[in-house]
Amino acid sequence: MTSEARKTTLVLHLAGNPNPISLRVSPETADDLGPRLIQVVRNGHTQSIATADGEEFVVNFSHVVAAHFD
């Protein structure tokens, strides 16, 4: 896996779920969300996430214990 691919996989660790969820996101989404990710998780925002394949997910970050990009 290249460095570029690792940077565009959003990994979400949800409360009450021992298995993390990985979403391949568009480079634009990673560039936009990356610098704000800590704040989004801290504040429990609901955020629309564009995936690498053009789909869209809505994530309620109030249920996210930890999130990072791989």
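It should be noted that the structure appears before, not after, this text.
For clarity, every value in this text was computed on a predicted model and none was experimentally measured.

Caption draft 1: The side chain of Thr-51, seen in detail. For Thr-51, the location among the structural elements is in the loop between strand E3 (46–50) and strand E4 (56–60). Assessed through its relative accessible area of 6%, Thr-51 is described here as buried. In this structure Thr-51 touches Arg-24, Val-25, Ser-26 and Phe-57, once residues within four positions along its chain are discounted.

Caption draft 2: Structural detail: the pattern of salt bridges. Applying the stated criterion across every chain yields a total of 1 salt bridge. Residues Arg-36 and Asp-32 are paired through a salt bridge, measuring 3.0 Å at the closest nitrogen-oxygen approach. The exposure class assigned to Asp-32 is partly exposed, which follows from its relative accessible area of 44%.

Caption draft 3: Quick peek at the nonpolar core. Counting 13 residues, the largest nonpolar core has Leu-10, Leu-12, Ile-49 and Phe-61 as its most contacted members. At the level of elements, strand E1 (9–14), helix H2 (27–33) and helix H3 (37–43) are the ones that each hand at least two residues to this core. Considering each element in turn, this core owes the most residues, 3 residues, to H3. With residues up to four places along the chain from it excluded, the contact list for Leu-10 reads Ile-21, Ser-22, Leu-23, Val-25, Leu-33, Leu-37, Ile-49, His-68 and Phe-69.

About the cut-offs
- Residues numbered from 1 in each chain as written.
- Predicted model: local features only at pLDDT ≥ 70, side-chain atom pairs only at ≥ 80, totals over all residues.
- Heavy atoms only, no water.
- Helix = DSSP H or I, 4+ residues; strand = E, 2+ residues; numbered from the N terminus.
- Buried < 20%, exposed > 50% of the residue type's maximum accessible area, 1.4 Å probe, protein only.
- Contact = heavy atoms within 4.5 Å.
- Salt bridge = Lys/Arg side-chain N within 4 Å of Asp/Glu carboxyl O.
- Core = buried A, V, L, I, M, F, W, Y, C linked by side-chain atoms within 4.5 Å.

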